[in-house]
Each structure stands twice: as C-alpha cells, then as structure tokens.
Amino acid sequence: MREKILVVDDDEKITSMLRRGLAFEGYMVVTASNGVEGLKQMMVDEPNLMILDVMMPQVDGWEVVRRVRESGSDVPILMLTAKDEVNDRVKGLDLGADDYLVKPFALEELLARVRVLLRRRAERPEQPTNRLHYEDLILDLDTREAFRGDKRVELTTKEFDLLHLFMLNPKRVLSRDVIMEKIWGFDYSGESNVLEVYIALLRQKTEEHGHKRIIQTVRGAGYVLRGES
C-alpha cells in the first residue's frame, strides 16, 4: 500500500512541485493551502507523513504542530521554513516536529529526509492504541474522552457507550432493538423514547462548532454512523 503524504503550504508553486515530485516517487499526495484546512485533512486522511510550512494565514505551522501532537498523533512532521534561524528551528522541534528544511531547498534533499522519517516510523515498535477514529471524530477508550476535530466533546457515561457502539460499527445500520440490547440490556423497562433522547443529545454535542451530522436516521431500519452524502 502506498504511503500517504499531506503537504500543507499556502505557496501554490511549492505545493505543485512537491505534489509532482512525491507522486513520481510513488507516494500518494494530498494537499492543503492553510493550517485550518491542514488540520481537517489530517483527521480525515490520516497520512503517514506531513510536510508543513511555518508561515501561513489563519493558523501557522507551529500551531498546527501543537494541535496535532495534542491530539495524540505521532505522524512524522517535516517543517519548511523561510528563516534559517536557530530559534525558529528549536521552536518547531520543541513543539513536536521531527525535522526541518530551509527554503529554498533541493527536491532531492527533501525526498531523502522523507525517506528517513518514514523509515524511522516503520522501525518503531508498534504501540497499542485504544483510540477509535471515524472521519474527524475520535474516541479515547482509556480516558473515555471524545473529540470532534480539535474540540473535546463532553459526554455522560451512557452517551459515551452509545457513541462507542456506533464507532465499532461505522456505516452499519443498527436497529433500535440491537442498540437497546447492547446499551440498556434485555430487561430495560424505562421510557420507550430513551434512545431517541440520547440520539438527539449525541447529535447536539457532536455537531457543535458547525460540524456536520454523522449520526443518521435510516427510516424503518435504525441509526447509522455515516457522513452525509
């Protein structure tokens, strides 16, 4: 399977050059033109490596590195900077970047650094993960925390359990009976609309800050974790 590289840079000439050069070497390339878009792409595409410019509008490269590392991702990050200053390099590395390259640079050197970073990652001992991902939704089973993009979603115990069930069965329609059995048990004798109430609460919480709906109703069948078509 081809390794995927995310290039985040607002300079179209550099982005185009990197896309062609990396694709020629056999990598799958996705791009973003600013830090906000880059963070979204990071959640959706889960790349094997990120090439990240420092100076960008909206959210700069340093802030992107900080947010990526705070999310728990260990994706290798190669930073591109127009300044050959020690303080800038140290700042990026302290925030969690793995390497840096000063502009202008030779494509051959960048490709060599990409190979090194990917090889290092492949040689790391595999770490067990207790996180479930679906698009930009993350569920941490150890801390029982949920995140949508870079925002924490506050959930009650039952809300977490219900979302966990959906995350274990992405794109699979779950009937009302199956959900009730898994979450509330066979002998549940409470209100008959309890599931509908919890679905509404989950939607409200996961759709805050303008996020799209991912818990869909399938009429006559049940509910499904799926992005809107």
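This text goes with the structure placed above it.
Anyway, here's the lowdown on the structure attached to this text. It should be emphasised that the depicted structure is a prediction, and the values quoted were computed from it without experimental measurement.

### Brief notes about the pattern of salt bridges
Reasoning step 1: This model, assessed by the stated rule, comprises 17 salt bridges.
Reasoning step 2: With its nearest N and O atoms 3.1 Å apart, the salt bridge here joins Arg-176 to Glu-196. Pair noted here: Arg-176 is in helix 7 (residues 176-183) and Glu-196 is in helix 8 (residues 194-206), with a separation of 20 residues, a long-range link.
Reasoning step 3: A relative accessible area of 32% means that Glu-196 is categorised as partly exposed.
Reasoning step 4: Salt bridges here are not isolated pairs; linked through shared partners, they connect Asp-9, Asp-53 and Lys-103.

### Details of the sheet that holds strand 1 (residues 4-8)
Paired through their backbone hydrogen bonds, the strands of a sheet run either parallel or antiparallel.
Reasoning step 1: As summarised here, the arrangement of the five strands in space is 2-1-3-4-5, forming an open sheet in which the pairing is parallel. For this open sheet the edge positions go to strand 2 (28-32) and strand 5 (99-102), each flanked by a neighbour on one side alone. Averaged over all pairs of adjacent strands, the angle between strand axes in this sheet comes to 20°, irrespective of strand direction.
Reasoning step 2: Docked against the sheet, helix 2 (residues 35-45) engages strand 1, strand 2 and strand 3 (49-53), running at close to 145° with respect to strand 2.
Reasoning step 3: Against the sheet, helix 5 (residues 107-123) contacts strand 1, strand 3, strand 4 (77-81) and strand 5, and its axis sits at roughly 180° relative to strand 5.

### Thoughts on the packing of helix 7 against helix 8
Reasoning step 1: Contact geometry for helix 7 and helix 8: axes closest at 11 Å, N-to-C directions at 85°. It follows from the interaxial angle that helix 7 and helix 8 lie roughly perpendicular. Residues Arg-176, Ile-179 and Met-180 of helix 7 form the contact with helix 8, whose participating residues are Val-194, Leu-195 and Glu-196.
Reasoning step 2: Among the residues forming the contact of helix 7 with helix 8, the class breakdown is four nonpolar, no polar and two charged.

### Describing the side chain of Asn-169
Reasoning step 1: With respect to the helices and strands, Asn-169 occurs in the loop between helix 6 (157-168) and helix 7.
Reasoning step 2: At 2.9 Å, the side chain of Asn-169 and the side chain of Arg-172 are in polar contact.

### Re the nonpolar core
Reasoning step 1: Leu-162, Phe-166 and Ile-179 are the most contacted members of the largest nonpolar core, which totals 26 residues.
Reasoning step 2: Here this core gets six residues from one element, more than from any other, and that element is helix 6.
Reasoning step 3: Membership of the second largest hydrophobic core comes to 19 residues, among which are Leu-6, Met-42, Met-56 and Trp-62.

What counts and how
Residues numbered from 1 in each chain as written. Predicted model: local features only at pLDDT ≥ 70, side-chain atom pairs only at ≥ 80, totals over all residues. Heavy atoms only, no water. Salt bridge = Lys/Arg side-chain N within 4 Å of Asp/Glu carboxyl O. Helix = DSSP H or I, 4+ residues; strand = E, 2+ residues; numbered from the N terminus. Buried < 20%, exposed > 50% of the residue type's maximum accessible area, 1.4 Å probe, protein only. Pairing = 2+ DSSP bridges. Axes fitted to C-alpha atoms, helices over the stretch in contact; angles between N-to-C directions. Contact = heavy atoms within 4.5 Å. Parallel < 35°, antiparallel > 145°, perpendicular 65-115°, else oblique. Nonpolar A, V, L, I, M, F, W, Y, C, P; charged D, E, K, R; others polar. Polar contact = N/O pair within 3.5 Å; in protein donor to acceptor, adjacent residues only side chain to side chain. Core = buried A, V, L, I, M, F, W, Y, C linked by side-chain atoms within 4.5 Å.

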